[in-house]
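Read off the chains here:
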Amino acid sequence: MFNKSEIFGSIAGLGLLFGTASSVATAQIPTEMPVHSSEQTSQFRRIEQPLALKVGVTLGGLGLIGLELWWFLFSKNKATKANSSQGIQELTINVDGGYEPSRVIVKSGQPVRLNFFRRDPSSCLEKVLLPDFHIAQDLALNHVTPIEFTPSKPGQYQFTCGMNMFRGVVEVQ
């Protein structure tokens, strides 16, 4: 649909457009203050803006809201299939501001080893929870922590950080 360079290019172009438009609008604002002390200063003064600027700001805001919704709701990470060697399905998950990959595909009935490599020093990511497998494991900073389990039936099993802010999914097929 869209690639990242097109999206970032569009956002940068909109930023330049709005920056230029706002500086033109700022230059049109009168800088004189009322001389009469009898005028009320607690009331707001209406400043007329060009219609094109109002429409541009509105469309830009709606576009940014749409981009934010797409980013958080519809841009799913691609799933990564675990490699199988010596009967164990194994995959390394980097823990740095979240889990990468955050979606892992494994086969049912075979042992799984997820190697969590924690680079993020925040306290939220110092523990990983796999509640469906009754696993709660501390993750050492800058070390690989292996977690082993054997999924018995297909489904999607969530893993989270200790504060339930960052999430990932183990998809068992």
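Throughout, residues of each chain are indexed from 1 in the direction in which the sequence is written. Where local features are concerned, this predicted model is filtered to residues with pLDDT of at least 70; where side-chain atom pairs are given and counted, the filter is 80 or more; whole-chain, interface and lining totals use all residues. Note: side-chain values were computed over all heavy atoms of the structure, leaving out hydrogens and water.

Q: When you look at the pattern of salt bridges in this model, what are you seeing that I'm missing?
A: Should the charged atoms of two oppositely charged side chains come close, the side chains can pair. We define a salt bridge as a side-chain nitrogen of Lys or Arg found within 4 Å of a carboxyl oxygen belonging to Asp or Glu. For the coordinates displayed, the defined rule picks out 5 salt bridges. When the shortest N-O distance is used, the salt bridge between Arg 46 and Glu 48 registers 2.8 Å. Residues Arg 46 and Glu 48 agree in their burial class; the two are exposed. The shortest N-O distance in the salt bridge between Glu 171 and Arg 103 comes to 3.3 Å. Highlighted residues: Glu 171 in strand β11 (residues 167-172) and Arg 103 in strand β5 (residues 103-106), separated in sequence by 68 residues. Note on exposure labels: buried denotes an accessible area under 20% of the residue type's maximum, exposed denotes more than 50%, and partly exposed covers the range between, all computed with a 1.4 Å probe on protein chains only. Using a relative accessible area of 18% as the deciding quantity, one classes Glu 171 as buried. Residue Arg 103 is classed as partly exposed on the basis of its relative accessible area, which comes to 22%. Numbering of helices and strands runs from the N terminus, with a helix taken as a DSSP run of H or I at least four residues long and a strand as a DSSP run of E at least two residues long.

Q: Is there a simple way to think about the packing of aromatic side chains in this case?
A: Each aromatic ring pair is summarised here by two numbers: the centre-to-centre distance and the angle between the ring planes. By convention, a stacked pair of Phe, Tyr or Trp rings (six-membered ring in the case of Trp) has centres within 6.5 Å and planes under 30 degrees apart, an edge-to-face pair has planes over 60 apart, and any other such pair is tilted. For the structure shown, the criterion picks out 5 aromatic pairs. Where Tyr 99 meets Phe 159, the ring centres are 5.1 Å apart and the plane angle is 75°; that geometry is what we call edge-to-face. Separated by 60 residues along the polypeptide, Tyr 99 in strand β4 (residues 99-100) and Phe 159 in strand β10 (residues 155-161) bring together distant segments of the chain. Every member of this aromatic cluster is reached through a ring pair, and the members are Tyr 99, Phe 116 and Phe 159.

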